[in-house]
Structure formats: structure tokens, C-alpha cells
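# Coordinate analysis (summary)
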Amino acid sequence: MYIIDRRLNPGGKSLANRQRFLRRAKALVREAVRESAGSRSVRDTEQGATITIPGSGVREPTFHRAPGGRREHVLPGNKEYIEGQTIPRPPSGGAGGGREGSPDGDGEDAFRFALTQEEFLDLFLEDLELPDLAKRRFVDGEVKSWRRAGYSISGSPANLALVRTLRNSLSRRIALRRPKPEEILRLQAERDEAEAAGDPERLETARRLLDVALRRSQRIPYIDPIDVRYRQFQPEPRPIAQAVMFCLMDVSGSMTEHMKDLAKRFYLLLYIFLTRRYRHVDIVFIRHTHEAKEVDEETFFRSPETGGTVVSTALEEMLKIVAARYRPSDWNIYAAQASDGDNTTSDNERTARLLADQILPICQYYAYLEVGREDGLHPVGFIPRESDLWRTYSLLRREGHPLAMRKVRHRREIYPVFRDLFRKDAAKEAQATP
Amino acid sequence: MSADGGPGRLLYQGADWDFATIRRVYDAVEEIALGELGLDIYPNQIEVISAEQMLDAYASNGMPLLYRHWSFGKRFARHEGLYRKGFQGLAYEIVINSSPCISYIMEENTATMQALVIAHAAFGHNHFFKNNYLFRQWTDAEGILPYLDFAKSYVAKCEDRYGHAAVERVLDAAHALMSHGVHRYPRRKRPDLRSEERRERERREHEERVFNDLWRTVPGKGGGATAPALDEERRRALLELPQENILYFLEKTAPRLQPWQREILRIVRHVAQYFYPQAQTKLMNEGCASWVHYQVMQRLHERGRISDGHFLEFLHSHTNVVFQPEFDDPRYSGINPYALGFAMMEDIARIATDPTAEDREWFPDFAGCGDALGVLRDAWANYRDESFVAQFLSPALMRRLRLFHLLDDPEEDHLQVVAIHDERGFRRLRRALSRQYDIGHQDPDIQVVDVDLAGDRRLILHHRAPDRQLLDAEDARLVLQHLADLWGYDVMLKEIDPKTEAVLKEHHASARPGMF
């Protein structure tokens with residue numbers, strides 16, 4: 001009999017099968033992932049997700065009998081039945097109805113399973129890119145870090161590279177034939193022996209050899225300054241590994257729940273996307289009516305507010321927060337603004353100036369999302385035209401500012417629009433001239 | 001006194017265990033199982049695994065290695081989900097019918113549980129695997145692990161060579177037909193050349209002996225009318241039709257498969273065949289193992305090697321395992337094979353040693369013979385669930401379980417109680433229960449009956465549907481599509497009422513181009 005401890009065997013034996021399964025169900029899983037994203041809080045996506053896919057997509061059919069036909073059951077626990085008695089048919093699935101059914105009865109059911117965060121996001125953000133613009137700024141980041149860069153012959157004692165130093169010392173000692181301590185001990189023993197034996201000739205030889213060895217070991221030091229090496233470091237520019245994402249939203253009365261929902265989905269996508277690229281992502285929610293305020297996520301999406309619409313207040317608030325907490329040289333700044341396009345007419349000029357002069361220069365990317373009513377209908381007497389903000393921003397874009405803008409009416413458009421914004425060429429569109 | 005404790009000393013204390021404990025427990029159990037119960041086992045290999053590894057084992061049907069396929073990943077994902085949410089506990093052990101017999105035991109088990117699973121799996125199941133005729137006939141315990149190793153690397157090589165998608169298509173199709181990829185009866189042995197020659201010689205001698213030229217003059221011989229019929233007969237004989245092993249038929253006959261595709265069909269077929277006895281002996285196998293662990297644990301306790309507290313712990317999990325809810329209990333989900341199996345083994349032991357007059361009448365062969373172990377070992381070796389129930393289910397047990405037989409005929413408004421646990425019902429009840437365990441009755445009987453290789457090559461299958469129980473149409477369509485793809489030409493499945501030979505339903509499928 002053998003007892004084998006398998007607990008330390010490498011895990012993940014089923015990984016290959018799992019990958020095959022995910023590949024098999026890819027279309028369904030992708031669908032489910034995008035579906036599930038809508039119902040989650042913005043920050044939740046940092047975890048994996050349990051998703052449900054229809055069982056039919058990963059069905060394993062077999063020949064088996066359908067329910068129905070004449071069936072016989074032998075059951076335990078008879079209480080009062082006697083032979084020949086008839087029993088009213090219980091409602092399906094009830095007692096005595098038999099549970100034989102199909103041997104693989106769960107084939108039709110939806111299939112639930114958990115995805116790891118990695119798997120979830122991979123599927124979610126398949127083939128998306130950060131705009132080229134952002135990448136350029138990556139490299140230009142001003143933060144420096146130190147990188148090991150080989151050895152040098154000078155340096156501070158703290159950086160002494162012991163192993164390398166001793167290796168040099170060893171090779172030098174071998175090359176110069178410095179006698180080892182054992183060798184000297186052996187020669188001393190030899191000399192003592194000769195002394196005891198009283199053989200003058202042998203004593204003479206032994207003394208001479210010992211003398212040579214001792215002198216040699218004195219002349220050739222154990223560690224010589226030329227052995228010493230120091231670890232060398234070089235400064236290297238490090239990409240800024242943190243980003244802050246500003247979510248600006250108009251919460252005035254004209255923004256319906258539906259529009260907020262659209263905006264939320266968009267922010268969610270952006271957030272996930274940024275967390276994939278940066279080690280640390282801060283998120284700032286600013287909502288505005290005729291005045292702007294920084295709020296937490298819950299308030300941002302839920303609590304209603306009334307008032308006019310002055311976009312520039314939100315931009316000012318953002319600038320204030322940037323100045324207070326997010327130095328542009330240390331942070332990658334992303335901003336996404338969602339609005340139904342309304343703005344107080346007198347404010348347009350100010351908004352445009354704020355954006356062009358102060359906000360866009362410090363932002364990696366500024367996305368403007370104009371959310372519309374789902375039905376696309378307009379109030380009676382309303383002549384469909386481009387909204388105030390849209391016209392203002394279009395003007396800015398024509399001047400070549402890194403500004404992306406899209407219109408969204410239905411939640412199914414969110415994902416395409418998002419993908420559209422982050423395709424590779426999208427960056428070029430956002431910033432025609434660097 | 002030796003450190004490991006002699007007889008009469010506790011094998012372990014507390015719930016913790018280490019490898020020395022396992023070894024001690026194993027030796028004590030072995031002494032009882034082999035020395036007193038007279039079990040005959042493959043060498044044992046006990047492997048301690050973690051929960052995640054147990055889930056791995058679940059996903060691959062309990063096998064330590066298996067080729068890769070998405071369906072195993074699906075199974076893993078499902079079990080993992082259930083386990084993580086706490087809907088499903090994990091088995092205490094998994095045992096593999098191989099030589100050496102591998103038993104996986106979970107690291108979370110307490111010392112008592114380890115003793116229980118060692119007695120249960122490493123001795124009970126192991127004995128059953130080694131001795132039951134179905135396993136002896138259909139499985140090769142020494143060869144299975146090397147074969148699976150070969151299968152795994154073969155499939156992996158095919159994936160490298162022909163692409164994941166191509167291999168997956170073959171495996172998908174083969175898995176769909178897996179339940180109909182087993183030989184249910186030992187096949188005719190191919191005669192070797194020598195015996196063939198001998199037979200030929202004997203025939204010739206016989207003909208020479210009885211030769212009578214008068215036969216030549218008898219009219220009516222050699223008419224042309226019967227020739228096509230003979231042809232057809234011969235054709236079917238050559239293809240070994242009718243053939244119920246569909247995968248075997250495809251592997252040998254499908255005209256358009258590549259050699260590697262045939263080999264994959266063969267692998268799937270072998271795996272199915274390996275599991276075939278397990279489905280037919282679930283009741284007996286669990287009954288045997290439960291009876292063995294109960295005996296072993298009881299004797300260990302009697303000898304003071306397990307403390308009272310630990311014995312109670314054992315009884316607690318034992319009674320959980322052999323619990324049979326009644327039919328109107330919300331927990332009822334069919335007859336628990338552990339419960340019925342264990343009850344039957346106990347009952348047989350009782351009849352052999354302490355029979356009533358009724359038992360003597362029903363089981364004259366062994367009632368009161370005194371050798372309970374001999375009777376049980378004989379039953380374990382020579383029966384499967386169906387024949388075991390038909391042979392050994394006693395009136396006393398039927399009464400105790402209060403079994404009754406219910407008929408559900410869709411043409412009637414009411415369910416009918418056909419038999420209950422009384423004098424008039426015992427035999428009918430037993431027959432009905434035995435039929436429930438008959439695999440020939442559980443699996444739909446589908447056979448390849450004809451194909452005209454020279455003509456349109458359409459493959460014709462028959463499903464003989466007893467009691468008009470038709471196949472699930474949607475699944476049948478999907479499986480038939482796989483079958484048609486493998487076959488390469490049209491396929492037709494007829495569902496036939498075996499009593500009237502009337503065709504109840506027909507399914508058709510055509511091969512999709514470019515699948516294989």
C-alpha cells in the first residue's frame with residue numbers, strides 16, 4: 001500500500017478544459033458579460049462575475065427518452081395504498097409522479113458559472129486600445145525610478161556587491177597562487193615533524209617552503225581593492241501608473257433616469273478600461289445643475305436634483321479638484337462628460353474657453369457623451385437640431401482639441417460607441433494635430 | 001509496547017491525522033477486511049487530495065487523467081459554482097477501478113472519516129472491482145491508466161496537427177453517441193486459422209460421409225428468386241448488422257473518416273466501455289462498500305481501537321449515507337443505492353445466519369447456511385443490480401421499506417397501484433424493481449440495422465420503443481446530426497413499437513459538408 005500526498009501537486013488541472021469551454025461558449029459568454037455589466041456598480045467590476053448563459057449553447061445531446069409514455073415506478077414508504085387502488089395524478093413533479101424524466105434534465109436550464117476577473121475583463125474589453133495619445137504621454141511621464149544597471153568599481157558601501165566582489169577575489173587568488181590556509185598548516189606540521197625528527201636538511205626545506213608560503217600569503221591580500229564591485233543603478237523614466245477619471249454629469253430636471261442609466265454604463269466601461277491599464281485609478285464624480293458638486297457614486301446616480309444647467313460650473317469644480325489633489329504631472333487625467341446637450345446659452349462661450357484653455361491641455365482624453373431619449377422623439381413643436389453643447393464642442397474639435405464626442409440613445413448603443421471611441425483610429429480623430 | 005499501538009489500543013485520538021495515522025488505520029482495516037471478511041483486492045494506492053483536486057476529479061469522471069474537452073471544463077465550472085455557493089458538498093472519496101486501485105481521500109476528512117473511506121473505498125469497492133464478473137469481463141484494471149495516458153497524448157497530438165476545432169468536432173460527435181458506443185454482450189470470438197482449418201476438415205469429412213448423389217436430382221434447388229435476399233443477408237452479415245454499438249460501427253465502416261478520426265472514436269468508445277459496468281452495478285457496488293465499512297468499523301470499535309465518541313461520529317455519517325427518504329418526502333429523489341444496497345447486504349447476512357420460515361421458503365439455497373460472507377462474496381462476484389435484486393430482494397425487506405409499484409399510463413386519468421408489499425405483490429414488486437435496474441431497459445435500444453454501401457449509402461437505425469416511450473425529439477435531432485456528419489451521408493432513425501412493428505416516428509439527418 002502506498003500513501004501519496006497529492007495536495008502539493010500543481011493545481012489548475014482543469015484549466016485547459018476550462019479554456020476550451022470558454023472558447024466554445026465564447027459568443028454566449030461575451031453576450032452575458034456585456035449584459036451583466038449593466039447591472040453592476042462601477043467599482044464592482046474589480047471582482048470576477050458569476051454569469052449565466054443559456055444551457056442550449058453548450059448542450060451535450062444524447063439519445064434519451066422523452067418524458068411521457070407508459071411508465072412504472074417502484075417507490076418506498078407506502079402508507080395507506082392497497083393493490084388496485086387508483087390515485088389522482090399529482091401535479092407534475094409532485095409525489096409519486098416519478099422524477100425519472102430525462103437523465104440530463106438540466107440540459108435546458110440556464111448554465112451559471114463564475115468567471116475570474118481576468119477572464120471577465122478579457123472578454124469584456126476584447127481588442128480595445130487606449131488612444132495613441134495616451135500612450136505617448138505614458139512614455140513622457142516625469143516620474144523617475146531606479147533600475148539596476150550592472151556593476152561599477154566605485155559606489156557607496158551600502159551598494160557593495162558581496163558576491164561579485166568575492167568572486168573576483170577568488171579568481172585573483174587562484175590566478176596568483178595564494179597559498180590556502182590548509183596549505184600553510186600542512187607546511188607548519190611538516191616543519192614541526194622535521195624538527196622533532198631532527199633531520200636538518202629536511203627541516204631546512206620545510207622552513208624555506210613555509211617561509212615562501214607565508215610571504216606569499218601576506219603579499220597577496222585576501223581581498224584587494226581591485227576586487228571590489230558596487231551595484232550600479234540608473235535612473236529611468238517610469239510611466240505614470242495612476243490615473244484619475246472624472247465623471248461629469250448634468251443632473252438637471254431634463255436628464256431622465258434612462259439618460260442617467262446610459263451615462264452610468266458608459267462610465268462603467270471607461271472605469272474598467274482604465275483599471276486594466278493603470279495600476280491605480282481614482283474616480284471622481286461631479287454632478288452639476290447650475291452649480292456643481294463632488295459627490296459619491298450613489299448620490300451621483302440616484303438622488304434627483306433640480307435646477308438650471310450651467311456646464312462651466314462642473315468644469316471649474318474639476319479644475320479645482322485637479323489643482324487640489326491630482327497634479328497633472330503625476331496623474332493621467334481622463335474625463336467623461338454626459339449630458340443631454342442643454343446648456344444655458346450664455347454659458348457656452350465660457351465652457352468652450354475653459355475646455356480649450358485649461359482642461360483639454362491636462363487631459364489624456366476627454367469624452368463627451370450626449371444621451372438622448374430612448375424613443376428619439378422630441379417634444380411637440382421642437383425642431384430637431386444640434387444641441388448647444390454639441391455645437392460648442394464641435395467647434396472645439398474642429399480646432400484640433402483631443403475631444404471625442406458621441407451620441408447615444410439606447411443602451412445597446414453604449415458598447416458600440418465605447419468601442420468606437422477606443423479603437424485605434426479613434427485617437428486620431430480625437431486629436432487631429434498633436 | 002510498540003509506538004503504533006498493539007491490539008486494544010486506540011488507533012488515533014481526536015480528529016487530526018497524519019500519514020502515520022493513515023498507515024495505522026490502513027493496517028488495522030486490512031487485518032479485518034482480508035483476514036476476517038476474506039476480501040480479495042488489488043493493491044491499494046491512497047492519495048490525499050484537496051478540495052480543488054476533488055473538483056478536478058469530478059470534472060473528468062473521477063479519472064486521474066483524461067483527454068481534453070470543453071465538456072469537462074463545463075462540468076468543472078458547474079461543480080465549482082455549486083460547491084462555492086455551498087449547494088453541494090464534495091464526496092469524501094473517489095475510487096478508481098485500476099490496479100493498483102487508487103482511492104482519493106480528502107484532506108478535510110477527520111481521522112474517523114479517513115478510516116471510514118479507507119474501509120469503504122480501498123477495501124469495499126476494491127474487492128467489488130476485482131471480483132465482479134462485469135468488471136472482469138469489460139474492464140482491464142492494469143491497462144486503464146496507461147491507456148488513458150495514451151488517449152490524452154493522442155488527442156493532444158491530433159489537436160496540434162489538425163487544429164482544435166477539427167478535433168473538437170469529432171469529440172463532440174463521439175460524446176453525443178457515447179451512450180451507444182458500448183458492447184453490451186461479449187462479441188463472438190474471431191476464429192483463428194487453426195480452428196478454422198479443423199472445422200473445414202471436419203465439414204468436408206462429414207460431407208464425404210453423407211454424400212449421396214441422389215440429392216443432386218431433387219428439383220427446386222438453386223432458384224434465382226432467393227438470390228437477392230441472400231445477398232442482403234450476406235451484406236448485413238459482413239457489416240455485422242444489426243449493430244447496437246454505433247461508435248464501433250462508425251469506426252469500422254464510416255466511409256469518409258480519416259484514420260485519426262477513427263482512432264478518436266475508438267478512444268471515446270473505450271472510455272464508455274470502461275464505465276459501462278459501473279452504471280449497472282451502482283446499487284451492488286455501494287451496497288458492498290457500505291456493508292464492508294460498517295463491518296470493519298464495528299469490529300474496530302468492539303476491539304477498542306476506536307473510541308466511543310469516534311464510533312458515534314462514524315454512525316452519524318453512516319446513517320446519513322444510507323438514509324432513504326420516503327416517496328412523499330420533499331427530499332425524495334429516487335431510491336438511494338447506498339440505502340437499498342446496504343439494506344440488502346444486511347438482509348442477506350441475516351437470512352444466512354438467522355432466517356425466518358418465510359426466508360427459508362424464499363431462499364432455500366442459502367437460508368440458514370451460516371456462511372453469510374460466502375453468500376455475499378458469491379453475490380458480489382456473479383450478479384449485477386438487475387439480477388441481484390431479482391434474486392435476493394426478500395419479502396422482509398420489501399415490507400420494511402414499504403415498497404409499492406405504481407403504474408403511470410398517460411391514457412388513464414389516474415395512477416394505479418399495481419402491487420404493494422403483501423403476499424400477492426412480492427414477486428411482481430421485485431420484478432418491477434429489478435427492471436428499473438436493467439440497463440437494457442433504461443437506455444433506449446437503438447441499433448444500426450441497414451445500409452447499402454453500394455447504393456445511396458443511407459444509414460438506417462431503429463429505436464425499439466417499449467411502451468411507446470419515444471426519444472426526446474430535440475436531442476435526437478442533434479445527435480442524429482452528429483451521426484450523419486460522422487457517417488458522411490444521410491441517416492434515418494425509425495422509432496418502432498416492438499409489439500406491433502409499427503413505425504411511430506422517423507427522424508432524418510443529412511451530413512453537413514465540410515464537417516469532417
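Remember, it's a predicted structure, so these values are computed and weren't measured experimentally.

Criteria and cut-off values
Every chain's residues receive numbers from 1 upward, in the order its sequence appears when written. Just so you know, chain letters begin at A and ligand numbers begin at 1, following the order they were written in. Only residues with pLDDT of at least 70 are given local features in this predicted model, and only at 80 or more are side-chain atom pairs given and counted; all residues enter the totals for whole chains, interfaces and linings. Side-chain metrics rest on all non-hydrogen atoms present in the structure, leaving aside hydrogens and water. Secondary structure follows DSSP: runs of H or I at least 4 residues long count as helices, runs of E at least 2 residues long count as strands, and numbering of each begins at the N terminus. Type-normalised accessible area, obtained with a 1.4 Å probe on protein chains alone, sets the label of each residue: buried when under 20%, exposed when over 50%, and partly exposed for intermediate values. Contact between two residues is taken to exist if any of their heavy atoms lie within 4.5 Å; hydrogens are not considered. Working definition of accessibility: Shrake-Rupley area with a 1.4 Å probe, residue cover restricted to the visible protein chains. Think of a salt bridge as a Lys or Arg side-chain nitrogen and an Asp or Glu carboxyl oxygen that are within 4 Å of each other. Polar contacts here mean pairs of N or O atoms no more than 3.5 Å apart (in protein, one a potential hydrogen donor and the other a potential acceptor; neighbouring residues in sequence count only if both atoms are side-chain atoms). For this classification, the nonpolar set comprises Ala, Val, Leu, Ile, Met, Phe, Trp, Tyr, Cys and Pro, the charged set comprises Asp, Glu, Lys and Arg, and every other residue, Gly included, is treated as polar. One bridge is not enough; two strands pair if DSSP finds at least two bridges between them. Here is the rule: rings of Phe, Tyr and Trp (six-membered ring for Trp) pair when centre to centre is within 6.5 Å. Planes less than 30 degrees apart are stacked, more than 60 are edge-to-face, and the remainder are tilted. For a lysine, the NZ atom is tested; for an arginine, the CZ atom; a charge sits over a ring if that atom is within 6 Å of the ring centre and within 35 degrees of the ring normal. Under this scheme, a helix contributes an axis fitted over its contacting stretch, all axes are lines through C-alpha atoms, and angles between N-to-C directions fall in the 0 to 180 degree range. Oblique is the label for any angle not under 35 degrees, not over 145, and not in the 65 to 115 range, which are roughly parallel, roughly antiparallel and roughly perpendicular in turn. Crossing chirality is assigned from the near helix's rotation relative to the far helix, an anticlockwise turn below a right angle marking it left-handed and a clockwise turn marking it right-handed. Nonpolar core, defined: a set of buried Ala, Val, Leu, Ile, Met, Phe, Trp, Tyr and Cys residues in which side-chain atoms within 4.5 Å join the residues together. Domain segmentation is taken from an automatic or database assignment of domains. Think of a patch as exposed residues, more than 30% relative accessible area, with no salt bridge, where like charges cluster within 9 Å and nonpolar side chains (Val, Leu, Ile, Met, Phe, Trp, Tyr) cluster within 5 Å. Only four residue types enter the charge count: Lys and Arg as positive, Asp and Glu as negative, with His and the chain ends excluded. Taken as the charge location is NZ of Lys, CZ of Arg, CG of Asp or CD of Glu.

### Regarding the overall build of chain A
Looking only at helices and strands, one finds 14 helices and 13 strands in chain A. Going through the 434 residues of chain A one by one, you find that 44% of them count as buried. Counted over contacts in chain A with a minimum sequence separation of 6, partners at least 24 positions apart contribute 81%. With an accessible surface of roughly 23000 Å², chain A has 52% of that area assigned to carbon and sulfur atoms.

### As for the overall build of chain B
Within chain B, the regular secondary structure consists of 21 helices and nine strands. Here chain B, with 516 residues, has 53% of them falling under the buried criterion. Taking the contacts inside chain B whose residues are at least 6 apart along the sequence as the reference set, 71% of them involve residues at least 24 apart. Here chain B displays about 24300 Å² of accessible surface, and carbon together with sulfur accounts for 49% of that area.

### Re helix α16 (residues 372-382) of chain B
Since the α-helix advances by 3.6 residues per turn, residues separated by three or four positions end up pointing in the same direction. Of the residues making up α16 of chain B, those classed as buried are A372, L373, V375, L376, A379, W380 and A381 of chain B. Buried residues in α16 of chain B make contact with α1 (19-36), α4 (111-131), α5 (133-138), α12 (282-302), α14 (337-353) and α17 (385-392) of chain B.

### Points about the interface of chain B and chain A
With 98 residues of chain B at the interface, the matching set in chain A holds 60 residues. Between the two partners, chain B and chain A, sit 13 salt bridges. Salt-bridge contacts for E80 of chain B lead to R18 of chain A; the nearest nitrogen and oxygen are separated by 4.0 Å. Where chain B touches chain A, the interface holds 38 residue pairs in polar contact (both at pLDDT 80 or more). Of the residues forming the side of chain B that touches chain A, the biggest block, 11 residues, is contributed by helix α3 (residues 70-85) of chain B. When its residues are assigned to classes, the side of chain B that touches chain A shows 45 nonpolar, 22 polar and 31 charged. As paired strands, strand β3 (residues 71-75) of chain A and strand β4 (residues 404-408) of chain B are joined by five bridges and run antiparallel to one another.

### As for the packing of aromatic side chains
Counted by the stated rule, this structure contains 26 aromatic pairs over all chains. Judged by centre distance (5.1 Å) and plane angle (75°), the ring pair of Y383 of chain B and F392 of chain B falls under edge-to-face. In terms of burial, Y383 of chain B and F392 of chain B fall into one category: buried. Consider the rings of F388 of chain B and F392 of chain B, whose centres lie 5.3 Å apart with planes at 45°: the pair is tilted. Here the residue F388 of chain B and the residue F392 of chain B both occupy positions in helix α17, the gap between them amounting to four residues, near one helical turn. F392 of chain B sits in the buried class, given a relative accessible area of 6%. Through a chain of ring-to-ring contacts, the aromatic side chains of F363, F366, Y383, F388 and F392 of chain B assemble into a single cluster. Positioned above the aromatic ring of Y222 of chain A is the side chain of R173 of chain A, whose terminal nitrogen or guanidinium carbon lies 3.9 Å from the ring centre. Across the ring face of W390 of chain A, the terminal group of K407 of chain A is positioned such that the distance to the ring centre comes to 4.4 Å.

### Focus on the environment of Q337 of chain A
Residue and element names in this part refer to chain A. Checked against the element boundaries, Q337 lands in strand β11 (residues 332-339). Relative accessible area serves as the criterion here: at 2%, Q337 is assigned to the buried category. With 30 residues separating them in the primary sequence, Q337 and A367 have C-alpha atoms 6.2 Å apart. Beyond its immediate stretch of four places on either side in the chain, Q337 contacts L248, Y267, V311, Y366, A367, Y368, L369, L389 and Y393.

### Some words on the pairing of strand β8 (residues 242-250) of chain A
Residues and elements named next belong to chain A. Counting buried positions along β8 yields eight of nine residues, so the element is predominantly enclosed. Relative to strand β9 (residues 280-288), β8 runs parallel, the two being bridged by nine bridges. What sits directly across from A243, in β9, is V281. With seven bridges joining them, β8 and β11 adopt parallel strand pairing. Across the sheet, M245 pairs through a bridge with Y334, a residue of β11.

### Some details on the packing of α4 of chain B against helix α13 (residues 308-321) of chain B
Residue and element names in this part refer to chain B. Where α4 meets α13, the axes come as close as 9 Å, and the angle between the chain directions of the two elements is 55°. The angle between α4 and α13 places the two elements in the oblique class. Classified by chirality, the crossing of α13 by α4 is right-handed. On the side of α4, the interface is formed by T112, M113 and L116, while α13 contributes H310, E313, F314 and S317. For the contact of α4 with α13, the per-class residue count stands at three nonpolar, three polar and one charged.

### A few points about the side chain of S394 of chain B
With respect to the helices and strands, S394 of chain B occurs in the loop between α17 and α18 (395-401). Setting aside residues no more than four positions away along its own chain, S394 of chain B makes contact with D347, R350, I351 and F363 of chain B.

### Quick word on the nonpolar core
Residues and elements named next belong to chain B. Ranked by internal contacts, the top residues of the largest apolar core, which has 92 residues, are F123, L340, W380 and F388. Considering every element that reaches this core, the biggest residue donor is α4, with 12 residues. A domain-level breakdown of this core finds at least three residues from each of domain 1 (19-132 + 281-309) and domain 2 (326-440). Not counting chain neighbours up to four residues away, the residues in contact with L340 comprise L283, I335, L393, L397, L401, L433 and Y437.

### Considerations on a negative patch on the surface
Negative charge collects at one region of the surface, where E200, E205, E207 and E208 of chain B lie side by side. Within the element layout of this structure, E207 of chain B appears in helix α8 (residues 193-210).

### Let's talk about the side chain of S217 of chain A
The topology assignment puts S217 of chain A in helix α7 (residues 200-219). Overall, the relative accessible area of 15% leaves S217 of chain A in the buried class.

### Brief notes about the sheet that holds β11 of chain A
Residue and element names in this part refer to chain A. Taken together, six strands build an open sheet; the order of strands is β10-β9-β8-β11-β12-β13 and the sheet is mixed. Two strands close off the open sheet at either side, each with one partner strand: β10 (292-295) and β13 (403-408). Geometrically, the sheet is characterised by an average inter-axis angle of 20° between neighbouring strands, direction not taken into account. Where helix α10 (residues 311-325) meets the sheet, its contacts fall on β8, β9, β10, β11 and β12 (365-371), and the angle it forms with β9 comes to roughly 145°. Sheet strands in contact with helix α12 (residues 388-398) are β11, β12 and β13, and its direction is about 150° off that of β13.

### Quick notes on the pattern of salt bridges
By the definition in use, this model includes 44 salt bridges over all chains. R24 of chain A serves as the salt-bridge partner of E168 of chain B, at 3.2 Å between the closest nitrogen and oxygen. Of the two residues, E168 of chain B is situated in helix α7 (residues 164-176) and R24 of chain A in helix α1 (residues 15-24); the pairing between them involves two chains. A residue is classified by how much of its surface remains accessible, and E168 of chain B, at 16% relative accessible area, is buried. Overall, R24 of chain A belongs to the partly exposed group, its relative accessible area being 31%. A salt bridge links D40 of chain B to K130 of chain B; the shortest N-O distance between them is 3.1 Å. You can see D40 of chain B sitting in the loop between α1 and β1 (44-49) and its partner K130 of chain B sitting in helix α4, a full 90 residues away along the chain. For D40 of chain B, a relative accessible area of 32% gives the class partly exposed. Overlapping salt bridges bring together E251, K252, R266 and R269 of chain B as one network.

### Considerations on unusual backbone geometry
Residue and element names in this part refer to chain B. A cis amide bond links S99 with the next residue in sequence, P100, at an omega value of 0°. One non-glycine residue, R402, lies in positive phi territory at about 50°. Looking at the element boundaries, R402 is found in the loop between α18 and β4. A positive phi is found at R457, a non-glycine position, where the angle reads about 60°. Among the structural elements, R457 can be located in the loop between β6 (445-451) and β7 (459-464). R457 gets classed as partly exposed once you look at its relative accessible area, which sits at 27%.

Interpretation in functional terms is not warranted from these geometric data alone.
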